[in-house]
Amino acid sequence: MGTWDYSIFWKETLNQFKNELSEQEFTMWFNMEYETSSDSAIILSVPSAFYRDQVKQRYQNRIETKLLELTGHSISIEFEIKQRTRPAMQDKPSEHESVHKDDEKESVKIYQSSKPAAPVSTERGNHPLLRKDYTFDNFVIGENNKFAANAAIAMSKNPGTAYNPCLIYGGVGLGKTHLMQAIGNLAWKEKGCKVIYVTAESFTNEFVESIQHNSTKAFKDKYRTADILLIDDIHFLQKKTETQEELFHTFNALYDANKQIIFTCDRPVSELKNLSERLRSRFERGLNVDLQPPSYETRCAILSKKVESRGVDIPQEVINLIAKNISSNVRDLEASLTKLIAYAELTHKPVTLETAQQQLRDSFGAPKQNNVTIETIQKVVAEYFSLSFNDLKGKKRTKAISFPRQLAMYIAREITEYSTTELGMEFGGRDHTTVMHGCQSIEQRLKAEPSLETTIQKLMKMIKDFNS
Ligand code: ADP
Ligand code: MG
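Residues numbered from 1 in each chain as written. Chains lettered and ligands numbered in written order. Predicted model: local features only at pLDDT ≥ 70, side-chain atom pairs only at ≥ 80, totals over all residues. Heavy atoms only, no water.

Enquirer: Tell me what's going on with the overall build of the chain, and back it up with residues and numbers.
Expert: For the chain, the count of helices and strands is 20 helices and 8 strands. Expressed as a percentage of its 468 residues, the buried residues of the chain come to 48%. Within the chain, contacts between residues separated by at least 24 positions form 73% of all contacts whose residues are at least 6 apart in sequence. (Helix = DSSP H or I, 4+ residues; strand = E, 2+ residues; numbered from the N terminus. Buried < 20%, exposed > 50% of the residue type's maximum accessible area, 1.4 Å probe, protein only. Contact = heavy atoms within 4.5 Å.)

Enquirer: So, the packing of aromatic side chains: which residues are in play, and what are the values?
Expert: Centre distance and the angle of the planes are the two values used to describe a pair of aromatic rings. By the definition in use, this model includes 17 aromatic pairs. Geometrically, the ring pair formed by Tyr6 and Phe9 is tilted, given 6.1 Å between the ring centres and 50° between the ring planes. Residue class for Tyr6 comes out buried when judged on its relative accessible area of 10%. According to the relative accessible area criterion, Phe9 is partly exposed, its value standing at 27%. With a centroid separation of 5.4 Å and 50° between ring planes, the pair formed by Phe207 and Phe219 is classed as tilted. Taken together, the residues span a long stretch of sequence, with Phe207 in helix H7 (residues 200-212) and Phe219 in helix H8 (residues 216-224) at a distance of 12 residues. The buried category is assigned to Phe207, whose relative accessible area is 7%. A relative accessible area of 4% places Phe219 in the buried class. (Phe/Tyr/Trp six-rings, centres within 6.5 Å; stacked < 30°, edge-to-face > 60°.)

Enquirer: Explain the site of ligand 1 residue by residue, including any values.
Expert: Taken together, 18 residues lie near ligand 1, and Val140, Gly173, Thr177, His178 and Glu334 sit nearest. Here an oxygen atom of ligand 1 and a backbone polar atom of Lys176 are 2.8 Å apart. Residue Lys306 places a side-chain N or O atom 3.0 Å away from a nitrogen atom belonging to ligand 1. Isolated, ligand 1 exposes 560 Å² of accessible area, and the fraction of that covered by the protein chains is 94%. Contributing elements (two or more residues each) for the shell around ligand 1: helix H6 (176-191), helix H11 (296-310) and helix H13 (330-347). (Near = heavy atom within 4 Å. Polar contact = N/O pair within 3.5 Å; in protein donor to acceptor, adjacent residues only side chain to side chain. Areas by Shrake-Rupley, 256 points an atom, 1.4 Å probe, with all protein chains shown as cover.)

Enquirer: Describe in detail the side chain of Gln238, supporting the description with residues and values.
Expert: Note that Gln238 resides in the loop between strand S6 (228-232) and helix H9 (241-256). For Gln238, the side chain forms a polar contact with the main-chain oxygen of His235, separated by 2.9 Å.

Enquirer: Explain H6 to me, using residue names and the numbers behind them.
Expert: Counted at 1.5 Å a residue, the expected span for H6 with its 16 residues is 22 Å, and the 22 Å between its end C-alpha atoms agrees. Burial of H6 is extensive: 12 of the 16 residues sit out of reach of the surface. Residues of H6 that are buried include every one of Lys176, His178, Leu179, Met180, Gln181, Ala182, Ile183, Gly184, Asn185, Ala187, Trp188 and Lys191, and no others. Gly192 lies just past H6 and shows a positive phi near 70°. (Expected span 1.5 Å × (residues − 1).)

Enquirer: Explain the pairing of strand S8 (residues 287-290) to me, using residue names and the numbers behind them.
Expert: The alternating pattern of S8 places Leu287 and Val289 on a buried face and Asn288 and Asp290 on a face that is not buried. Both strand S4 (residues 166-169) and S8 contribute to a ladder of 4 bridges, which runs parallel. Paired with Leu167 across the strands is Asn288, a residue of S8. (Pairing = 2+ DSSP bridges.)

Enquirer: I'd like a description of the confidence of the model for the chain, backed by residues and values.
Expert: Across the chain, the average pLDDT comes to 86, with 89% of residues at 70 or higher. Between the elements of the chain, mean pLDDT differs from a low of 38, seen in helix H4 (residues 87-91), to a high of 98, seen in S6. The model gives residues 86-122 a pLDDT under 50, and that stretch makes 59 contacts with residues more than four places away or in other chains. (pLDDT = per-residue confidence, 0-100.)

Given below as structure tokens:
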């Protein structure tokens, strides 16, 4: 090597992509560095294997086509993984460790200051704000969450570099908080990062209190010294104008200092209402990844893992039974298991398929509250509007059908405890966000049209009377 130098072509390639892509996309994915060339390839360095795979999938062809145009030769690109230092952490070590950069190659290791090199993990206990069981080791990766989980691992290894900010979204009980805290736990233990975890609700409350107590400076300082800021459930910020404003400034301060910022939300940002445009654009910058409900196989794997970690004996057929019957939410999956374990402990009996069936009958798609099932709601509403049950549940989107359908969703939200994800599945396999949107549009209509309330009350009564 050495006789080949294609760096000039790489520069030109970058220039061209810069013009062709949005600024966001370009900064996010063209964070590759030219390393060297061989006779027919350019070697680029990237911050992680995950990053490499994403770039390959998204841009390799386009980049190689461009190189062919520019040089008249076919030049391929190859990747080398090189973890990079984070400049921002070097000039401001976290309160616990200081970070040296003696040598580029060593740059990812963190040493205790002026003590013999020792891995931080042996020195650090549990993080005070994070659940210690919310780790990557305890997180089962399946098709539904692979992308998010890999991005999360990459972020905890290289915070503030490749995916910043990051928004993890998805329905309730799908592992958003777990994944977010796993990033915090790993980065805290292995890299000595200063990690702050807060729910959007606590952030709001703290901010309001700081105003009342004239201590906004302390509030600002606290959040602006994080290496990694984790804010959970940002949908809570809707309508909280002043908190949004404050978060916007916190965001900018951290972002400019290359600190990692991660948010979670129960829906895509585009579906949040009452959010300032500039904060929305910050949330949307960087990487947005979603968590989907797990497949049957992944549900079995999650249950097996929980069984193992609790050191109990539950037969495989029971695991399969739960996984088959509870499909939309990992939290419910766990709750069923906990119930069985408690039962076994109380009665000193082993869990068998039969006891499981008995004990879990209530959790399995049976009525949750007031003896009302989603099916009953759908039947009553369909009949009231002279529609067929199948149309109400189905995919057609004509106005005559979609209004009754939204109404049925709204009523189901009001009188049952089904999550929006579960409801989405019951309404023709729709996304949970569609259900939320449906409910919101009924709420809007209710404001403009109070007589709708009477209809809803009437329908609710019919639903409750349906079985008797
Ligand atoms: P969310 O914040 O999305 O509502 P949580 O992170 O609170 O969901 O997850 C609910 C429960 O399900 C937690 O106990 C979590 O540990 C568990 N869980 C979710 N996804 C997984 C997974 N992929 N592997 C193992 N446990 C999971
Ligand atoms: Mg959560």
